Amino acid sequence: MRVLITGSAGFIGSHTCVELLENGIQIVGMDNFVNSSPEAVKAVSKITGKEYPFYDCDMLDEGAFEKIFQENSIDAVIHFAGLKAVGESVQKPLEYYHNNIQGTLNLLRLMRKYKVYKLVFSSSATVYGMNNPIPYREDMPIGGTTNPYGSTKFFIETILQDLAKAEPEWKIALLRYFNPVGAHASGLIGENPKGIPNNLMPYISRVAEGTLEKLHVYGGDYDTPDGTGVRDYIHVCDLAAGHLKALEKLDDIQGARAWNLGTGKGISVLEVVHAFEKASGRPIPYSIDPRRPGDLPAFYADASRAKEELNWEAKLSLETMCRDAWNFIVKSQESQ
Ligand code: UFG
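Residues numbered from 1 in each chain as written. Predicted model: local features only at pLDDT ≥ 70, side-chain atom pairs only at ≥ 80, totals over all residues. Heavy atoms only, no water.

### What about the overall build of the protein chain?
Step number 1: Helix and strand counts for the protein chain come out as 11 helices and 13 strands.
Step number 2: Its C-alpha atoms give the protein chain a radius of gyration of 19 Å, within 12% of the compact-globule value 20 Å for 336 residues.
Step number 3: When its C-alpha atoms are laid out on the principal axes, the protein chain stretches across 55 × 45 × 40 Å.
Step number 4: Taking all 336 residues of the protein chain together, the buried fraction comes to 56%.
Step number 5: Summarising the internal contacts of the protein chain: among those between residues at least 6 apart in sequence, 79% fall at separations of at least 24.
Step number 6: Carbon and sulfur atoms provide 50% of the accessible area of the protein chain, an area that totals close to 14800 Å².
Step number 7: Side-chain charges of the protein chain comprise 34 positive and 42 negative groups, with the mean position of each set lying 2 Å from the other. (Helix = DSSP H or I, 4+ residues; strand = E, 2+ residues; numbered from the N terminus. Rg over C-alpha atoms; globule rule 2.2 N^0.38 Å. Buried < 20%, exposed > 50% of the residue type's maximum accessible area, 1.4 Å probe, protein only. Contact = heavy atoms within 4.5 Å. Areas by Shrake-Rupley, 256 points an atom, 1.4 Å probe, with all protein chains shown as cover. Lys, Arg positive; Asp, Glu negative; His and termini not counted. Charge placed at Lys NZ, Arg CZ, Asp CG, Glu CD.)

So this is what it looks like as structure tokens:
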């Protein structure tokens, strides 16, 4: 089987490339490096000892995108490519809708033209919006998203559901990620956002390495055990393994099916801070600041469907997530 990975140099994409190559699956990578770098493409080969075709390609460039399908016999696609910064999406909604939705439509048209009907889509727990009780279950209604980024995930899921209903050849996995963190144990790939990080763990990493002064904890008065926000943090290698399981499951399903990829366990901001201090041996100074607009107090997965149907569950602990995220920072500094 040969699988096209869009966004293959990104955080989750690169770890999934490793998981697939290590399990004997051939891959074709593509990325436009808007929020990633060519080093990740090389690092995947270094970790696995395997070379693979890679295209520096933007999915909005239909001609260049089609070339990938012309030059490779693709059997399935894992679609990661997309813009993903929540705050930026509020400032630049047109860019987000154009890139994420038009990019996906280009992909789907090419897949149909080249008769590739198996797709794993990188969705998000954000599709559950603000109206569902926790834990989130896949059979809950989706929508009620709070920002354009989240709406692109919701709209793309809707497009894929409609497509799967209309054209029975399609087999589509909708993977709803919770909060992916950590890094590959080698320290060669990890999360390396450009600019000041928006997400918690990359921000904490920068504080630990000394490039940012302190963490701003967004809200200390939520109705949670310690007052700070609660999320379902999942190690990116567990998440990558979930993609392989979903890919293998596609033969057995008809149409589109959603699976949560989370641990099912809620962890507070301060628990992450303390675990990271322990893993890095560095203090993480922080202040409790006002809540961030649009943040929910707490959410985590009901992860039972993925366990029952994909035979997948998250295995790696918060300690391992922090250890590996820190190891990636240390290794990146060493190689500079
Ligand atoms: N937080 C801080 N300080 C920071 C950054 C985050 O206190 O500097 C807190 C947030 O308030 C929240 C928690 O840390 O309580 C996690 O925040 P992240 O920004 O890391 O993640 P979110 O849960 O807000 O968002 C993530 C992804 C989105 C996705 C969403 C739902 O970034 O892409 O989960 O799945 F849509």
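### Quick look at the nonpolar core
Step number 1: With 39 residues, the main nonpolar core has Val3, Ile5, Leu20, Ile78, Leu175 and Leu247 as its most contacted residues.
Step number 2: Mapped onto this core, the elements with two or more residues apiece are strand E1 (2-6), helix H1 (11-22), helix H2 (38-48), strand E4 (76-79), strand E6 (171-177), helix H8 (236-249), strand E11 (255-261) and helix H10 (304-310).
Step number 3: When sequence neighbours within four positions are dropped, the list of residues in contact with Leu175 reads Val120, Phe121, Ser122, Ser123, Ser124, Gly242, His243, Ala246, Trp259 and Leu261.
Step number 4: If you look at the next biggest cluster of nonpolar residues, it comprises 30 residues, including Met59, Ala81, Met111 and Leu119. (Core = buried A, V, L, I, M, F, W, Y, C linked by side-chain atoms within 4.5 Å.)

### Some thoughts on empty space enclosed by the protein
The rolling of a water-molecule-sized probe over the atoms marks out the regions of remaining empty space.
Step number 1: Summed over the entire model, instances satisfying the criterion amount to 1 cavity of 30 Å³ or more.
Step number 2: By volume, the largest cavity amounts to about 40 Å³.
Step number 3: In terms of lining residues, the largest cavity is bounded by His79, Ala81, Gly82, Asn100, Thr104, Phe121, Thr152, Lys153 and Ile156.
Step number 4: Of all the secondary-structure elements, those providing two or more residues to the lining of the largest cavity are helix H5 (93-113) and helix H6 (148-166).
Step number 5: Tallying contributions element by element places H6 first for the lining of the largest cavity, with 3 residues.
Step number 6: For the lining of the largest cavity, the residue count by class is 3 nonpolar, 5 polar and 1 charged. (1 Å grid on protein atoms, 1.4 Å probe; cavity = no way out; pocket = protein on both sides within 12 Å on 5 of 7 lines; lining within 4 Å. Points joined across faces, edges and corners; volume = space filled by probe spheres on them. Nonpolar A, V, L, I, M, F, W, Y, C, P; charged D, E, K, R; others polar.)

### Re the environment of Lys50
Step number 1: Checked against the element boundaries, Lys50 lands in the loop between H2 and strand E3 (54-56).
Step number 2: Residue classification places Lys50 among the partly exposed residues on the basis of a relative accessible area of 36%.
Step number 3: Along the sequence, Lys50 and Glu95 sit 45 residues apart, while their C-alpha atoms lie 35 Å from each other.
Step number 4: The residues contacting Lys50, other than those within four sequence positions of it, are Leu21, Gly24 and Ser45.
Step number 5: Separated by 2.7 Å, the side chain of Lys50 and the backbone oxygen of Leu21 make a polar contact. (Polar contact = N/O pair within 3.5 Å; in protein donor to acceptor, adjacent residues only side chain to side chain.)

### Regarding the pairing of E1
Step number 1: For E1, the buried fraction is high: 4 of the 5 residues fall into the buried class.
Step number 2: In terms of strand pairing, E1 meets strand E2 (residues 26-31) through 5 bridges, oriented parallel. The partner of Val3 across the bridge, within E2, is Ile27.
Step number 3: Handedness of the crossover joining E1 and E2 through H1 is recorded here as right-handed.
Step number 4: Here 4 bridges tie E1 to E4, and the two strands are oriented parallel to one another. Residue pairing in the sheet places Leu4 in a bridge with Val77 of E4. (Pairing = 2+ DSSP bridges. Right-handed = clockwise from strand over helix to strand, strands pointing away.)

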